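Structural overview for review
Listed below, chain by chain, are the residues.
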Amino acid sequence: MSTLAQQEFCITLSDLASFMEIPPNQIKAKAEKTLQRKIKSPWLLPEEARQLLLAEGYKYPHKVISIQMLKGGVAKTTSVLNMGLRAAMYGARVLFVDLDQQANLSFALGVEDESLPVWVDIVEKKKSIDECVRFIEPHVDLIPSSLNNSVLDRVLLNSNRNWSLAVKTPLEKIKHRYDLILIDTAPALSATNTAVTVASDEVILPVNPDKFAFMGLQKNLSELEDIRSDFSLEFSRKVLFTKFDGREKFSHELLQKCIESFEDSLMKGYIRTSAEVKNTVRSGKSLYAGKSPIKADYDFVTREMLGFV
Ligand SMILES: Nc1ncnc2c1ncn2[C@@H]1O[C@H](COP(=O)(O)OP(=O)(O)OP(=O)(O)O)[C@@H](O)[C@H]1O
Ligand SMILES: [Mg+2]
């Protein structure tokens, strides 16, 4: 279904070697020993990377992570996409859930069919969650979105069931199959996003250097605090700095402000600005197949998300 070529969803042996801090010539021997086969390609399939990393003592998390920010265009979708694909390359079993009616994440993963079932069909009990899951690549599944989800908020608020559980309860049925469930959301404070927060173990809030970014972040954080106390939740929150431009004074100032204000919750990695990013969401091409400098940025924050740093 997706347009990704094999190299685009497999991790290279040289990337694994630098991650595991061993010389490149040793990684092949290590992988051949663990997998008990001759390795001819310069990369490993996600399942093979998983076997190797498990044998090396790495453990995969078991988490629902949502990316939220009421401000548009802060790189929510770009970050979900590139962190999820990279996590799968490291062997994690990933389910993407697109809950934005703009469906940019679904498009990026090659799913553009408006007739496919989406979350609103689950809530209205027209489809089961299993019927909504699409296979994308090994270790990558997607529950797509489409304009049909534009009524989701209204459906939730008109429902006489407990709408705040409308994301959590269906996910419980399939959660055991994945290490990471990554939810992309629309830029809003909405009933849908409240239900997403209720389902989340962790919320990542991207912030980028523009005028209203900090204000948006503070508003979003205070909304999350309200939801946390209203529903007695225990999710953690992380701030991810995106579109950092080293040539701009404002980028440095805002990053400094974030370091001072969110010491504990600011992710250690941040994402630099790069013109090549546009292609990854628009064309379904993986960032990791190209030479974009921010490949390394997303690699680092993915490892942070996986607990591999
Ligand atoms: N690191 C980056 N450098 C430059 N441009 C970027 C970067 N990350 C994302 N962009 C661009 O910024 C725009 C918004 O990105 P994206 O769609 O990921 O944001 P979003 O928060 O999901 O937006 P929305 O709120 O509309 O869903 C896109 O055109 C994308 O290509
Ligand atoms: Mg988006």
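Before any of the text, the structure's been laid out above.
Just so it is clear, the model here is predicted, and its values are computed rather than measured.

Criteria and cut-off values
- Residues numbered from 1 in each chain as written.
- Chains lettered and ligands numbered in written order.
- Predicted model: local features only at pLDDT ≥ 70, side-chain atom pairs only at ≥ 80, totals over all residues.
- Axes fitted to C-alpha atoms, helices over the stretch in contact; angles between N-to-C directions.
- Helix = DSSP H or I, 4+ residues; strand = E, 2+ residues; numbered from the N terminus.
- Parallel < 35°, antiparallel > 145°, perpendicular 65-115°, else oblique.
- Left-handed = near helix turned anticlockwise from the far one by under 90°.
- Contact = placed C-beta atoms within 7 Å.
- Nonpolar A, V, L, I, M, F, W, Y, C, P; charged D, E, K, R; others polar.
- Near = placed C-beta within 6 Å.
- Pairing = 2+ DSSP bridges.
- Core = buried A, V, L, I, M, F, W, Y, C linked by C-beta atoms within 7 Å.
- Buried ≥ 20, exposed ≤ 12 C-beta atoms within 10 Å, placed from the backbone.

**A closer look at the packing of helix α5 (residues 76-89) against helix α15 (residues 294-306)**
Between two packed helices, what matters for the description is the angle formed by their axes and the separation of those axes. Running from amino to carboxyl end, α5 crosses α15 at an angle of 70 degrees, the nearest separation of the two axes being 9 Å. Classed by the angle they form, the pair α5 and α15 counts as roughly perpendicular. Note that α5 runs across α15; the crossing there is right-handed. Where α5 abuts α15, its residues N82, M83, R86 and A87 lie against Y298, D299, V301, T302, M305 and L306. Among the residues forming the contact of α5 with α15, the class breakdown is six nonpolar, two polar and two charged.

**Some details on the site of ligand 1**
Around ligand 1 lies a shell of 20 residues, among which G72, K76, T77, T78 and P187 are the nearest. For the shell around ligand 1, the secondary-structure elements that each account for two or more residues are α5 and α14 (277-283). When grouped by side-chain class, the residues that make up the shell around ligand 1 number seven nonpolar, nine polar and four charged.

**Some remarks on the sheet that holds strand β8 (residues 202-207)**
If you walk across this open sheet you meet the seven strands as β5-β6-β4-β7-β3-β8-β9, and the pairing is mixed. Strands at the two margins of the open sheet, each flanked by one partner only, are β5 (134-137) and β9 (236-241). Adjacent strand axes in the sheet meet at a mean angle of 25 degrees, parallel and antiparallel pairs treated alike. Note: β8 against β9, six bridges, orientation parallel. Residue pairing for β9: P206 is matched across the bridge by L240.

**Observations regarding the nonpolar core**
Ranked by internal contacts, the top residues of the largest apolar core, which has 83 residues, are A87, M89, V94 and F96. The biggest single contributor to this core is α5, with seven residues. In contact with A87, not counting residues within four places along its chain, are A92, V94, L180, T302, M305 and L306.

**Quick notes on helix α4 (residues 46-55)**
Buried residues of α4: P46, E48, A49, R50, L52 and L53, and no others. Taken together, the buried residues of α4 touch β1 (11-12), α2 (13-20), α3 (24-35), β2 (43-44) and α5. Following α4 by one or two positions, G57 has its phi on the positive side, about 95 degrees.

**A look at the pairing of strand β4 (residues 94-99)**
Most of β4 is tucked away, with six of its six residues classed as buried. The side-chain alternation of β4 yields two buried faces, one formed by V94, F96 and D98 and the other by L95, V97 and L99. Where β4 and strand β6 (residues 140-143) come together, four bridges link them in parallel fashion. Bridging across to β6, V94 finds its partner in V140. One ladder, built from six bridges, connects β4 with strand β7 (residues 180-185); its direction is parallel. Pairing of V94 across the sheet is with L180, part of β7.

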